[in-house]
There are 2 protein chains.
Amino acid sequence: MAQGPTITTIAERAGVSIASVSRVLNGLPTRQETVRKVMAAAEELGYVRNAVARSLKSRRTHQVAFAMADVGNPAYLAMLREIQPVLKAAGYRLVLHSTGAVVADEIDVLHSLGERYVDGMIMVPLRVTEAHLQMLGAARAPVVVIGSVPEGTPVDNVRADSRTGVRLAVDHLHALGRRRIALVNGPTDTVPGAARGAAYREALAELGLPYDEELVEIGDFYRAEGGRAVAALLNRVSDVDALMCANDLIALGALDVLRAAGKRVPEDVAVVGMDDTDLAAASWPSLTSVSLGSAERGRVAAELLLDRLQDGEHEPRVVTVPPRLVVRASTTPEPPATRGRSRDGRSTEGGGTS
Amino acid sequence: MAQGPTITTIAERAGVSIASVSRVLNGLPTRQETVRKVMAAAEELGYVRNAVARSLKSRRTHQVAFAMADVGNPAYLAMLREIQPVLKAAGYRLVLHSTGAVVADEIDVLHSLGERYVDGMIMVPLRVTEAHLQMLGAARAPVVVIGSVPEGTPVDNVRADSRTGVRLAVDHLHALGRRRIALVNGPTDTVPGAARGAAYREALAELGLPYDEELVEIGDFYRAEGGRAVAALLNRVSDVDALMCANDLIALGALDVLRAAGKRVPEDVAVVGMDDTDLAAASWPSLTSVSLGSAERGRVAAELLLDRLQDGEHEPRVVTVPPRLVVRASTTPEPPATRGRSRDGRSTEGGGTS
DNA sequence: TTGTATGCGTTATCAT
DNA sequence: ATGATAACGCATACAA
């Protein structure tokens, strides 16, 4: 923990100037003899380059931030898992920001971009307020937003298509003969909540099914709250034969409640989740879920950011990642071969140490 | 994205010296008039303090690193979820390192500590080699290791007790009348693999059960590999009535294979996992699992690190977190009230955006 | 109270 | 090829 050696220390030890040391360390043309002396001194002293000083001079930190509402959210984790290796491969460190679903914190994080401790940022805003847009417009480093921002916002933008996603799910349920399809949504003042609510309504209309507001229940994006919402719904309407849940956690809560109520899934009530998290493949029964491409959105966002970090200026890009319906046991008793998709084994070694 | 203003810019604008600007910005005693001028200028220019320059001067980055094998591992994620808020509350940013289970990369990460882009580090090494110990001894910033390091290593140390953990599980299975209890382990050259292997043997001995090496199968800590290992095991021995799996992913793989083989869980074969990840509560059937306190280890590690970042020097501390058996359906048809523990609803809002 | 000047550890631009 | 020196943006000891 001692005061580490600097290029000055090395210069003295090697009997050369700090300029020469710097040159050797950066591989610039130098006489063999000098190289030898410097390398030897650096080796002996256990020299390690100071990243902070280097950043001050070079104006690059080789760090990138990833900001989302909650590290505990499996959808964000799926993004994180993709973002991390992409950035690492390009020589960037990843700084994590968990804003706790508080708008002020998200603004704060954007503000902190000005501190220049990162070269750029990937952000998944929960809501997109006027303040967000203002900060994004004034950002002093490149930002990639996962989610939707209005045209003209000067940031790259990776979108999911939850409209199509919801339609895939509702169509699927309809094709299975379900006609009383309820929506269990999260708060409608969030971006995903609003989008999914509207998409549900549209999907019904396209199928010629009536929109019955009795069939819509608003809770929160958590398992317990999802369960409560479903309980309330079942208490109100008795003939529900399918539940479209706004995310997987809500769907898991639904399964809990349905089981407790003695309803069979999918025979009595079919259940569809959203985000296709790890929990969906593992659940009981396994959960049909709409993948909104969390992983791919993360990967694309990382690539867009890297691209911009290198190229610098060009027009903002918008990429939309298509959704995909993953059918499992919660809608069909005999799910197709997809069961326990192979990517389930992708992660993890060493579940803790002794 | 313009060249941001610095204290020099502000000084000119306000007609004062950079020293005065710095004083105002840091709340040092200054004349009201000056304060006003500086604040006004800073406001107009949208000044944000440069964190890099500040760090170079103050020798503190207000960043902390968390290094583990794989961001995709739920056990590490559980730690991450606890570490993040603790550090955030103390004003530290979190830098993530995923070493990909490669020893050389772990050494690399320890080496990079010398670059001083972080004030300290929390690391979960997969193996603890001589190189690790050497780097830890020479570290130029405080390190907290989650896992076990030998006495005398100058770092704080948060341990799990997988020995007791395995015993809890084996005792549980024994109490349920199981006598042919197999171990499905990961590589025995990893810290957790070795510990769990030894603990299994001990637990059997204490119960007076014979150690039968036919009952031990080595695979890897993944779902697919776990499944393969179990398949091989079942193919070799026909009277297995319980599986002790070295982590939850292996256990999930076991459930897959048992189901495919037409075995009932837990009637024919009881299954226990380890780490008690989110997947355990969600699985089908829900999985009895030994919690090694991943979350708590993470929290404790963060607290130890913060403590050392403030206090500076004191004796290395060792904290051991006790394990806990969480009984679910995979060992008892009628699991206790623990089903779907309440913390399941803790995370997540907004499963992606449209 | 305020300004001048120095240093944090590097990189880069000059001369030499 | 090498050395002296100036920046990078900030904080601070010292002088005024």
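Keep in mind that this is a model prediction, so the values were computed, not measured.

Undergrad: How do you make sense of the overall build of chain A when you look at a structure like this?
TA: Summing up its helical and strand segments, chain A has 13 helices and 12 strands in all. Taking 20 Å as the expected radius of gyration for a compact globule of 354 residues, we find that chain A reaches 26 Å, considerably beyond that expectation. Structurally, chain A occupies a C-alpha span of about 85 × 50 × 30 Å along its principal axes. When contacts within chain A are restricted to residue pairs at least 6 apart in sequence, long-range pairs at least 24 apart make up 68% of them. Surface exposure of chain A reaches about 14,000 Å², of which carbon and sulfur atoms provide 51%.

Undergrad: It is not clear to me how helix α1 (residues 7–14) of chain A should be interpreted in this structure. Could you clarify?
TA: Each α-helix turn comprises 3.6 residues. Residues three or four places apart therefore point the same way. Residues and elements named next belong to chain A. Within the sequence span of α1, burial applies to I10, A11 and A14. Relative to the axis of α1, the buried residues are bounded by an arc of 100° and lie together on one face. Where α1 is buried, its residues meet α2 (18–25) and α3 (32–45). Immediately beyond the C-terminal end of α1, within one or two residues, lies G15, with a positive phi of roughly 70°.

Undergrad: Would you mind going over the packing of aromatic side chains with me for this structure?
TA: Within a pair of aromatic rings, the relevant descriptors are the distance that separates the centres and the angle that separates the planes. Scanning all chains against the criterion turns up 2 aromatic pairs over all chains. Taken together, a centroid distance of 6.1 Å and an interplanar angle of 65° make the contact between Y200 of chain B and Y211 of chain B edge-to-face. With Y200 of chain B in helix α9 (residues 191–207) and Y211 of chain B in the loop between α9 and β7 (216–218), the pair connects residues that are 11 residues apart, well separated along the chain. Here Y200 of chain B falls in the buried class, since its relative accessible area comes to 0%. The cationic tip of R93 of chain A hangs over the ring face of Y117 of chain B; the distance from NZ or CZ to the ring centre is 3.6 Å. In this arrangement the basic side chain of R259 of chain A is found over the ring face of W284 of chain A, its NZ or CZ atom lying 4.6 Å from the centre.

Undergrad: So what exactly am I meant to see when it comes to the protein's contact with DNA strand C here?
TA: Near DNA strand C lie 24 residues; those nearest to it are Y47 of chain A together with S20, R23, R31 and T34 of chain B. In DNA strand C, atoms within 4 Å of the protein come from the sugar-phosphate backbone in 58% of cases. Here a phosphate oxygen of DNA strand C sits 3.0 Å away from a polar atom, N or O, in the side chain of R59 of chain B. Every element with two or more residues in the surface near DNA strand C is listed here: α2 and α4 (51–58) of chain A together with α2 (18–25) and α4 (51–58) of chain B. The greatest single-element share of the surface near DNA strand C, amounting to 4 residues, is contributed by α2 of chain A. A class-by-class count of the residues in the surface near DNA strand C yields 8 nonpolar, 8 polar and 8 charged.

Undergrad: Is there a simple way to explain the sheet that holds strand β3 (residues 120–123) of chain B in this structure?
TA: The pairing of strands in a sheet comes from backbone hydrogen bonds and takes either a parallel or an antiparallel form. An order of β11(A)-β5(A)-β4(A)-β3(A)-β1(A)-β2(A)-β2(B)-β1(B)-β3(B)-β4(B)-β5(B)-β11(B) is seen for the 12 strands of this open sheet, with the pairing classed as mixed. The sheet terminates laterally at β11 (318–321) of chain A together with β11 (318–321) of chain B, the two strands that pair on one side only. Each strand of the sheet is rotated relative to its neighbour by a mean of 20°, with strand direction disregarded. The pairing of strand β1 (residues 63–68) of chain A with strand β3 (residues 120–123) of chain A spans 4 bridges and is parallel. By the bridge assignment, V64 of chain A is partnered in β3 of chain A with G120 of chain A. The strands that helix α6 (residues 103–112) of chain A touches are β1, β2 (93–98) and β3 of chain A; relative to β3 of chain A, the one it contacts most, it runs at about 160°.

Undergrad: Sorry, what's going on with the protein's contact with DNA strand D here?
TA: In the neighbourhood of DNA strand D, 25 residues make up the surrounding shell, with S20, R23 and T34 of chain A together with I7 and Y47 of chain B lying closest. Those atoms of DNA strand D that come within 4 Å of the protein belong to sugar or phosphate at a rate of 61%. Take T34 of chain A: an N or O atom from its side chain is 2.2 Å from a phosphate oxygen of DNA strand D. Interatomic distance of 3.3 Å between a backbone N/O atom of N50 of chain B and a phosphate oxygen of DNA strand D. Going through the elements one at a time, α2 and α4 of chain A together with α2 and α4 of chain B are the ones with two or more residues in the surface near DNA strand D.

Undergrad: Would you explain the UniProt feature "domain: HTH lacI-type" (unreviewed entry) in chain A in this entry?
TA: The feature "domain: HTH lacI-type" (unreviewed entry), as given by UniProt, occupies residues 5–58 of chain A in the numbering adopted here. The span residues 5–58 of chain A is 70% helical and 0% strand by assignment, and the distance between its end C-alpha atoms comes to 20 Å.

Undergrad: I keep staring at the pairing of strand β5 (residues 156–160) of chain A and nothing clicks. Help me out?
TA: Regular strands have side chains that alternate between both faces of the sheet. Residues and elements named next belong to chain A. Within β5, 5 of the 5 residues are buried, which leaves the element mostly enclosed by the surrounding structure. Here 3 bridges tie strand β4 (residues 143–146) to β5, and the two strands are oriented parallel to one another. The partner of I146 across the bridge, within β5, is V158. Here 4 bridges tie β5 to β11, and the two strands are oriented parallel to one another. Within the sheet, the bridge partner assigned to V158 lies in β11 and is V319.

Undergrad: Which parts of the structure should I look at to understand the nonpolar core?
TA: For soluble globular proteins, nonpolar side chains are generally found buried alongside one another. Formed by 95 residues in total, the largest nonpolar core has its most connected members in L243, M244 and V271 of chain A together with L243, M244 and V271 of chain B. Not counting chain neighbours up to four residues away, the residues in contact with M244 of chain A comprise V166, A169, V170, I181, A182, L183, V184, V272, G273 and M274 of chain A.

Undergrad: I would appreciate a short explanation of the side chain of E217 of chain A in the present structure.
TA: Residue and element names in this part refer to chain A. Tracing the sequence through the fold places E217 in strand β7 (residues 216–218). By relative accessible area, E217 is classed as buried at 13%. Of the polar contacts made by the side chain of E217, one reaches the side chain of R236; its length is 2.8 Å. Those residues in contact with E217, other than ones at most four positions away along the chain, are L183, V184, N185, A229, A232, L233 and R236.

Undergrad: Sorry, what's going on with α4 of chain A here?
TA: A51, V52 and S55 of chain A are the residues of α4 of chain A that are buried. Along the axis of α4 of chain A, the buried positions cluster into a sector of 100°, meaning they face one direction only. Buried residues along α4 of chain A sit against α4 of chain B. Here α4 of chain A starts with a cap whose side-chain oxygen sits 2.7 Å from the backbone nitrogen of V52 of chain A, and that cap is N50 of chain A.

Undergrad: Which parts of the structure should I look at to understand the domain arrangement of chain A?
TA: Often, the extent of an interface is quoted as the loss of accessible area upon association of its parts. Here the domain parsing of chain A yields domain 1 (7–49), domain 2 (63–161 + 294–321) and domain 3 (162–291). For domain 1 of chain A and domain 2 of chain A, the distance between their C-alpha centroids amounts to 39 Å.

Undergrad: Sorry, what's going on with the interface of chain A and chain B here?
TA: Listed as interface residues are 95 residues of chain A and, on the opposing side, 96 residues of chain B. Roughly 7,600 Å² is buried in total at the junction of chain A and chain B, and carbon and sulfur atoms are behind 55% of that figure. Between chain A and chain B we count 4 salt bridges in total. Here K88 of chain B and D105 of chain A are joined by a salt bridge, their closest N and O atoms 3.3 Å apart. Inspection of the region where chain A meets chain B yields 15 residue pairs in polar contact (both at pLDDT 80 or more). Elements with a minimum of two residues in the side of chain A that touches chain B: α4, α5 (74–89), β2, α6, α9 (191–207), α10 (223–236), α11 (248–260) and α12 (278–282) of chain A. Here the element with the most residues in the side of chain A that touches chain B is α5 of chain A; it accounts for 8 residues. A breakdown of the residues in the side of chain A that touches chain B according to their chemical character gives 42 nonpolar, 30 polar and 23 charged.

The rules behind these values
- For every chain, the first residue of the written sequence is number 1, and numbering continues from 1 onward in sequence order.
- Whichever chain is written first is A, and whichever ligand is written first is 1; the rest continue in order.
- Since the coordinates come from a predicted model, pLDDT governs what is reported: local features require at least 70, and pairs of side-chain atoms require 80 or more to be given and counted, while whole-chain, interface and lining totals use all residues.
- Only hydrogens and water are removed before side-chain values are computed, so all heavy atoms of the structure are retained for them.
- Where helices and strands are cited, they refer to DSSP runs of H or I of at least four residues and of E of at least two residues respectively, numbered from the N terminus.
- We compute the radius of gyration from the C-alpha atoms alone; for a globule the expected value is 2.2 Å times N to the 0.38, where N is the number of residues.
- Note on contacts: a residue pair qualifies if any of its non-hydrogen atoms lie within 4.5 Å across the two residues.
- Computed by Shrake-Rupley with a 1.4 Å probe, the accessible areas treat only the displayed protein chains as cover when residues are assessed.
- Per-residue accessibility, obtained with a 1.4 Å probe over protein chains only, is compared with the maximum for each type, and a residue is labelled buried under 20%, exposed over 50%, and partly exposed between these values.
- The arc in question is the one spanned by the directions pointing from the helix axis to the C-beta atoms.
- Think of it this way: a Phe, Tyr or Trp ring, Trp meaning its six-membered ring, pairs with another when their centres are within 6.5 Å, and the plane angle makes it stacked under 30 degrees, edge-to-face over 60, tilted otherwise.
- Two limits define a charge over a ring: the Lys NZ or Arg CZ must be within 6 Å of the ring centre, and within 35 degrees of the ring normal.
- Any residue with a non-hydrogen atom lying within 4 Å of a molecule or strand is treated as near it.
- Each polar contact in these results corresponds to two N or O atoms within 3.5 Å; when the atoms are within protein, one needs to be able to donate a hydrogen and the other to accept it, and residues that are neighboring in sequence are counted only if both atoms are side-chain atoms.
- In this count, Pro and Cys sit with the nonpolar residues alongside Ala, Val, Leu, Ile, Met, Phe, Trp and Tyr, while Asp, Glu, Lys and Arg are called charged and the others, Gly among them, polar.
- Should DSSP find at least two bridges between two strands, the strands are regarded as paired.
- Note on geometry: axes are lines fitted to C-alpha atoms, helical ones only across the stretch in contact, with angles between N-to-C directions running from 0 to 180 degrees.
- UniProt positions are given in the numbering used here, feature names are shortened, and annotations may be inferred rather than shown by experiment.
- Only buried residues count toward a nonpolar core, which is a set of Ala, Val, Leu, Ile, Met, Phe, Trp, Tyr and Cys residues joined through side-chain atoms within 4.5 Å.
- Start and end points for every domain follow an automatic or database-based domain assignment.
- Summed over both partners, buried area is the accessible surface (1.4 Å probe) that two parts give up on being assembled.
- Only one rule defines a salt bridge in this text: a Lys or Arg side-chain nitrogen within 4 Å of an Asp or Glu carboxyl oxygen.

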